[in-house]
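Structure at a glance
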Amino acid sequence: MIKKILKWACYVLLVPAIYVAWLLMKIFLFDYFTVPSSSMTPTITPGSKVIVNKLTAGPRLYTAINFKRNGNELHSLRLKGTRGLHHNDIVVFNFPLHGDKISFVINHVYCKRITGLPGDTLTAVNGHLYNNNYEGLLGCEQRQRQLEGKTEEMLRRYKVYDVAPRHDRHFGWNIQNWGPLYVPRRGDIITVTPREATLYRRILEWETGAKITYDWDNMAVFANGRRLTTHRFRHNYYHICGDYSLDSFDSRYWGFVPEEYIIGVVAKIIPPRESK
């Protein structure tokens, strides 16, 4: 009888032990996600599962868990990673923009490729991406050649022609030709003119906690009505794009991803059964 009780006690204790081990693995080592969209094709097809390595960039630990559906401030710390993030890494990250401001929603995640690291400057020329700190190919050459061959009329039909800052006469950027665009790096100081205020408005509002306005005629920028002339970035940011430029909602349209919002690097791609 005692042996039977001990046997059942082991079973009872084994279940929570397995759950705790699984939870710790998800927090510190690996997690998995399903990619529903075509934004990373042909690299990742819709319905594929991706195994995310959290050790590469370092596991992210929440220091507060008062998550809200419509977004709130992310409170976390990141442990040291094995190598950090590199150009062309495919990452899973929390989408950073809700209600026109940077905020965190725990289950709102995207999967795309890093095209710009903190401190890089990016440009697009005839659909091809270029990075001043990286000489290799960024993303998928096949898709960039496909983008190169499209007319403005065709791109507008796809609804991908206008990129951020959209419909701004001072820039005139489009999906084929934009930049140069600097990727903010923690500690770097920039002079803030209306150009910088236009490109980095959401970052400036997040980091200063102030409403940013600007006047092109007088080349002046204001934070809650007070003149703002310089700013030191408080976070690292990343520029992230999908391989399929004709069907990817990414940094070209909504801006940068704070380092804290990156969950991990894709280590393995498992295609859906029907595509095997």
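Remember, predicted model here, so these are calculated numbers, not experimental data.

What counts, and at which threshold
Residues numbered from 1 in each chain as written. Predicted model: local features only at pLDDT ≥ 70, side-chain atom pairs only at ≥ 80, totals over all residues. Heavy atoms only, no water. Helix = DSSP H or I, 4+ residues; strand = E, 2+ residues; numbered from the N terminus. Buried < 20%, exposed > 50% of the residue type's maximum accessible area, 1.4 Å probe, protein only. Contact = heavy atoms within 4.5 Å. Areas by Shrake-Rupley, 256 points an atom, 1.4 Å probe, with all protein chains shown as cover. Phe/Tyr/Trp six-rings, centres within 6.5 Å; stacked < 30°, edge-to-face > 60°. Lys NZ or Arg CZ within 6 Å of the ring centre and 35° of its normal. Pairing = 2+ DSSP bridges. Axes fitted to C-alpha atoms, helices over the stretch in contact; angles between N-to-C directions. Core = buried A, V, L, I, M, F, W, Y, C linked by side-chain atoms within 4.5 Å. Salt bridge = Lys/Arg side-chain N within 4 Å of Asp/Glu carboxyl O.

Turning our eyes to something else, we now look at the overall build of the chain. Each helix and strand in the chain was counted, giving five helices and 19 strands. The buried share of the chain, taken over its 276 residues, is 47%. Contacts in the chain between residues far apart in sequence, at least 24 positions, make up 62% of those at least 6 positions apart. As displayed, the chain has an accessible area near 15,100 Å², and 56% of this comes from carbon and sulfur atoms.

Before going further, it helps to spend a moment on the packing of aromatic side chains. The tally for this structure, following the rule as stated, stands at 18 aromatic pairs. With a centroid separation of 6.5 Å and an interplanar angle of 85°, the aromatic rings of Trp206 and Tyr261 are classed as edge-to-face. One end of the pair, Trp206, is in helix H4 (residues 194-208); the other, Tyr261, is in the loop between strand E18 (257-258) and strand E19 (262-270), with 55 residues separating them in the sequence. Over the ring of Tyr244 we find Arg143; its NZ or CZ atom is 3.7 Å from the centre of that ring.

A separate point is the sheet that holds strand E13 (residues 212-215). Read from one edge of the open sheet, three strands run E13-E14-E15, paired in antiparallel fashion. Across the chains shown, the open sheet's two edge strands, defined by having one partner strand only, are E13 and strand E15 (226-227). Here H4 sits on the sheet in contact with E13 and strand E14 (220-223), set at roughly 160° to E13.

With 53 residues, the main nonpolar core has Leu85, Val91, Trp178 and Tyr200 as its most contacted residues. Mapped onto this core, the elements with two or more residues apiece are strand E5 (90-94), strand E9 (121-125), strand E11 (178-182), H4, E14, strand E17 (237-241), helix H5 (251-254) and E19. Counting residues per element, this core draws most heavily on H4, at six residues. Leave out the neighbours within four places in its chain, and Val91 touches Leu85, Tyr110, Cys111, Lys112, Ile114, Ile240, Ile262, Gly264, Val265 and Val266.

A separate point is the pattern of salt bridges. Going through the model one piece at a time under the given rule, you end up with 13 salt bridges. Notably, a salt bridge pairs Glu141 with Arg145, separated by 3.1 Å at the nearest N-O pair. Here Glu141 and its partner Arg145 are both found in helix H2 (residues 141-148), four residues apart, which amounts to about one turn of the helix. Relative accessible area serves as the criterion here: at 42%, Glu141 is assigned to the partly exposed category. For the salt bridge of Glu153 with Arg157, the shortest nitrogen-to-oxygen distance reads 3.7 Å. Here the residue Glu153 and the residue Arg157 both occupy positions in helix H3 (residues 152-158), the gap between them amounting to four residues, near one helical turn. Take Glu153 and Arg157: they sit in the same class, and that class is exposed. Where salt bridges share partners, they join Asp100, Arg201, Arg202, Glu205 and Lys211 into one cluster.

Nothing here speaks to function; it is all geometry.
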